[in-house]
Every structure is written in structure tokens, then in C-alpha cells.
Amino acid sequence: MLKFWKTMNEIYGWIIIAVFGLIMLIGAWQMYDNYYIFDHALDDSILRFKPDPTDPAAAADSPITGEMVGWLTVDNTGIDYPVMQGKDNSAFLNKDPYGNYSLSGSIFLDSRCSPDFKDDYSIVYGHHMDYGVMFGALDDFLKEDYLKAHTTGKLMAGRNAEKIYDLEVFASMKVNAAEKIVFDISESDIRQFIHENAAVLTREDRYPVLALSTCAEADSADRIVVFCYLKES
């Protein structure tokens, strides 16, 4: 009997060691996974493929896939990315602009929107990443002082910057993802909704509106949305 209990104690000890070993391996994997995500999200090497309006052929050999519809830059922020568009809005949630799997995904235009940004209202989405990466940079626009100090940017529509728009950031808000007026591009009341519910700097209804949207917090149905006018350069 004594030998039996001694054997059982040894087995129990090995089980404990195995469980703790597994926990350590899971922790190590999570650390690596987080590092991998942020390393790829922080990689600014993609900027070398940014279209050059003075050289239409500059992007001819770019490895960015043909699903690129433009390039979005918001001045004095970390937002300086190609804009992709898939056949649906899940296509680029976990795919980078090169077409590879990536948890940080891509900045992408709503699949229902015209790829040339000629709609009266367009929506661009991006993951909410820490440290202002991807569309994590939209957080600060909820602060009035920051909003007033960061109102400029540029949208180059097309793979080779065929059309260039100046961005004028004019409003920001936090809204539920189920809000149809904001997230249904067919809604005609979006301008009135913005002016009634958002922090608004100006009202210039003759220009198309571009919305930049990201999750507000993890496990939240809220979205941060920043609104810009598109003005032809």
C-alpha cells in the first residue's frame, strides 16, 4: 500500500509539473503573438509603396494587391496607410495589404462604397490598436482640443493617385455599432445626425463626407467615428 501511494504522489507531481509547463508555454505563445501583431502593425516599410502624384508609374511594381483603392494620410498622426476594399467587409479584417494573414488587418473601405470615393458618404474601417497604431489614433479625436489641432490630411484615390482629395476633419463622436444612420451608407440623414450628435467644427454640406471608424474598446459595441470632408485638390 505504501508503494502504491508513493507511486501516486510521483504521478501527481509530474501532472503538476506538466500543467505548469503548459501554462508557461501558453504564456510564452501569447507574448510572442502580441509581439508579432505589434511588430507587423508598427512596420512602416509599406510607406515606400505610397503613390507619388508626380510619378504615375511609381506604384507599378508595388506588391500591394490590386484591391488597393487609395491611400489615406491624416497629418501629424500615425495614420498613413493604403486603403483596401474586398468583396465584403470581412475580407481585410485579418489580411494585410500584401494579401497575407495578419491579425492587425488593413485599413479598408466599406465594400458597399464606390472604390473611387465618389459617393456622397463613404466609410473606412481599421482595427483599434494600442499606442495609436492603425485606427487606434482615432481615440484622441474625441478630445475637442486635439480635434481642432488635427484637421488636415489627404486621400489619394486609386492605385496610382489618379484623384487627390484634401481631407478636412470636422467632427468626431462615439456611437453604437447598430446605429443605422452612421453605418448604413444609403442613409440620407447622416449630415443632420452628425450635426445633432457629434462634436462639430464646421458645416460645409457641399462636400462628400468620409467617415473613419474603429472599435472604442474591446468587447464593446461602441465605435469611434471621425468625419472628414473630401475636397478635390
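Numbers given to residues run from 1 along each chain, matching the order in which its sequence is written. In keeping with the predicted nature of the model, local features appear solely for residues at pLDDT of at least 70, side-chain atom pairs appear and are counted solely at 80 or more, and the whole-chain, interface and lining totals rest on all residues. Side-chain descriptors were evaluated using all non-hydrogen atoms of the structure, hydrogens and water having been removed beforehand.

### Considerations on the overall build of the chain
Runs of E in the DSSP output that reach at least two residues are strands. Runs of H or I that reach at least four are helices, and both are numbered from the N terminus. Looking only at helices and strands, the chain features 4 helices and 9 strands. Partly exposed residues are those whose accessible area sits between 20% and 50% of the maximum for their type, while under 20% is buried and over 50% is exposed, using a 1.4 Å probe and protein chains only. Buried residues in the chain amount to 41% of all 233 residues. A contact between two residues is defined here by any heavy atoms of the two lying within 4.5 Å. For the chain, the proportion of contacts with a sequence separation of at least 24, taken over those separated by at least 6, is 59%. Carbon together with sulfur atoms contributes 56% to the accessible area of the chain, which is approximately 12,800 Å² in total. Using the Shrake-Rupley algorithm and a 1.4 Å probe, accessible areas are obtained, with residue cover drawn only from the displayed protein chains.

### What about the pattern of salt bridges?
By definition, a salt bridge exists where a carboxyl oxygen of Asp or Glu is found within 4 Å of a side-chain nitrogen of Lys or Arg. Enumeration over the complete set of coordinates arrives at 14 salt bridges. A salt bridge links Asp110 to Arg112; the nearest nitrogen and oxygen atoms lie 2.8 Å apart. On the basis of relative accessible area, Arg112 is assigned to the partly exposed category, the value being 44%. Here Glu204 makes a salt bridge to Lys231, at a shortest N to O gap of 3.2 Å.

### Focus on the side chain of Arg191
Tracing the chain through its elements places Arg191 in helix H4 (residues 190-197). A distance of 3.4 Å separates the side chain of Arg191 from the backbone oxygen of Asp205, its partner in a polar contact. As used in this structure description, the phrase polar contact means that two N or O atoms lie within 3.5 Å; if the pair is within protein, one of them must be able to donate a hydrogen and the other to accept it, and residues adjacent in sequence are counted only when both atoms belong to side chains.

### What to know about the environment of Val83
The topology assignment puts Val83 in strand S2 (residues 80-84). We classify Val83 as buried; its relative accessible area is 0%. Sequence spacing of Val83 and Phe108 is 25 residues, and the spatial spacing of their C-alpha atoms is 5.0 Å. If near-sequence neighbours (up to four positions away) are discounted, Val83 is found in contact with Glu67, Met68, Val69, Gly70, Trp71, Leu72, Ile107, Phe108, Leu109, Phe117 and Val124.

### Topic: unusual backbone geometry
Residues other than glycine seldom take positive phi values, yet Met134 does so here, at roughly 55°. Relative to the elements of secondary structure, Met134 occurs in the loop between strand S4 (121-125) and helix H2 (144-149). Even without being glycine, Ala161 reaches a positive phi, approximately 55°. Along the chain, Ala161 turns up in the loop between strand S5 (152-157) and strand S6 (163-176).

### Observations regarding the confidence of the model for the chain
Keep in mind that low pLDDT regions are not for reading the predicted coordinates in detail. Averaged over every residue, the pLDDT of the chain is 85; residues scoring 70 or more account for 79%. The predictor attaches a confidence to each residue, called pLDDT, with possible values from 0 through 100. When mean pLDDT is taken per element in the chain, strand S3 (residues 107-109) scores highest with 98 and helix H1 (residues 2-41) scores lowest with 52.

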